[in-house]
Amino acid sequence: MSLAITKINPAFVDVMPQEYLDLASDGPFAADKSVKDLGTFKELIEEHPLCAGCNLALAFRTLISALPCPEDTVIVGSTGCNSLAFPQLAIHNVHALFGNQNAVASGLKRGLKLRFPDQNKDVVVMAGDGATADIGFDMTMHSWIRGENITTVMFDNEIYANTGGQESGMTPFGTVRNMAPTGKNFQKMNVPEFAKQAGCVYVAKVSTANTAKIGQCFRNAVLAAREIGPTYIQIYTPCPTNLKMKPAESVALAKKRAKEDYAFEEYMSEEVENLLVSSGAIKPKVKKEEGKK
Ligand SMILES: Cc1ncc(C[n+]2csc(CCOP(=O)(O)OP(=O)(O)O)c2C)c(N)n1
Ligand SMILES: [Mg+2]
């Protein structure tokens, strides 16, 4: 992969917008920036129309800053709160119909493999819980079962936030929402487990309580999808607006849930572990027996 395509032709430097000049001189197109550097460089997304304190926006910003090769990535979004941020994003992105995102991403990835056989082109789906686990669930599952080389990220705010607060498959049992006043009658869907069963080679459950972790897992997921098979990241992103909370309270909620039912979980196949260790992305895991010696 090369940053050559982002370099500005010297003859055009004087007519390029300042925004692009900054990306190329002090942004992700200039050097490998990461989550820990946030706030010190020109970002690929710097403004968005999401609510104050939106945890989805925080996760989105974190993910974008952690992309291993933004210049060679296409992000596929879906209808929902996240889709409002996409027009502000300075890399290739596609807005799929609500629920269609994994089908669109599958076709796109296959097309890119044919068109650019010697280059890596990463395709990443980013969508809400309703889009991923409810209305698009068949598209999500079948892209995994087919073994598509794409990463799927779910922003799990446990609600249809954009349409005023209906319950989703990801809403926990018994929860009352603005438009689900009697409390949910069914259990929260265990999508990480479905993902493993359907053939995802890397699966992580994270939350906005730990943004550095989101960045690490996401990079692992994109690299594993590129080389091996489908990968899935599920991020808890509580919505202060629908939960009628102050922004700071929603971050506190993310931290509380991270200690309870939204603790960090990560699964990777042996093949992925070998890939990530050999590429230096993770350290080799010390097996229990070896550790005791
Ligand atoms: C085919 C289709 N069905 C329903 C809708 C209406 N709709 C728009 S956003 C949305 C909810 C999105 O929920 P989620 O995917 O969880 O994203 P969030 O808004 O919570 O980020 C719905 C039902 C639509 N736009 N298209
Ligand atoms: Mg949602």
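Anything mentioned here points back to the structure above.
These lines cover the structure that appears in this document, whether it is placed above or below. (Residues numbered from 1 in each chain as written. Chains lettered and ligands numbered in written order. Predicted model: local features only at pLDDT ≥ 70, side-chain atom pairs only at ≥ 80, totals over all residues.)

### Thoughts on the overall build of the protein
A tally of regular secondary structure across the protein gives ten helices and seven strands. A globule of 293 residues ought to have a C-alpha radius of gyration of about 19 Å, and the protein, at 19 Å, matches this closely. Projected onto its principal axes, the C-alpha coordinates of the protein cover approximately 65 × 55 × 40 Å. For the protein, contacts bridging at least 24 residues in sequence account for 68% of all contacts bridging at least 6. (Helix = DSSP H or I, 4+ residues; strand = E, 2+ residues; numbered from the N terminus. Rg over C-alpha atoms; globule rule 2.2 N^0.38 Å. Contact = placed C-beta atoms within 7 Å.)

### What about the environment of Arg177?
Counting through the fold element by element, Arg177 comes out in the loop between strand 4 (151–156) and helix 6 (191–197). In this structure Arg177 comes out as buried when scored by C-beta crowding, with 21 C-beta atoms within 10 Å. Along the chain, Arg177 and Glu249 lie 72 residues apart, while their C-alpha atoms are 17 Å from each other. In contact with Arg177, not counting residues within four places along its chain, are Ile159, Gly165, Gln166, Glu167 and Thr171. (Buried ≥ 20, exposed ≤ 12 C-beta atoms within 10 Å, placed from the backbone.)

### Examining the packing of helix 7 (residues 211–227) against helix 9 (residues 270–278)
Closest axis-to-axis distance for the helix 7/helix 9 pair is 10 Å, and the angle between their directions is 110°. Considering their axes alone, helix 7 and helix 9 lie roughly perpendicular with respect to each other. Here helix 7 and helix 9 pass one another in a crossing that is right-handed. Mapping the contact onto sequence places Asn220, Leu223, Ala224 and Glu227 in helix 7 and Val272, Leu275 and Leu276 in helix 9. (Axes fitted to C-alpha atoms, helices over the stretch in contact; angles between N-to-C directions. Parallel < 35°, antiparallel > 145°, perpendicular 65-115°, else oblique. Left-handed = near helix turned anticlockwise from the far one by under 90°.)

None of the figures reported here should be taken as evidence of function without further support.
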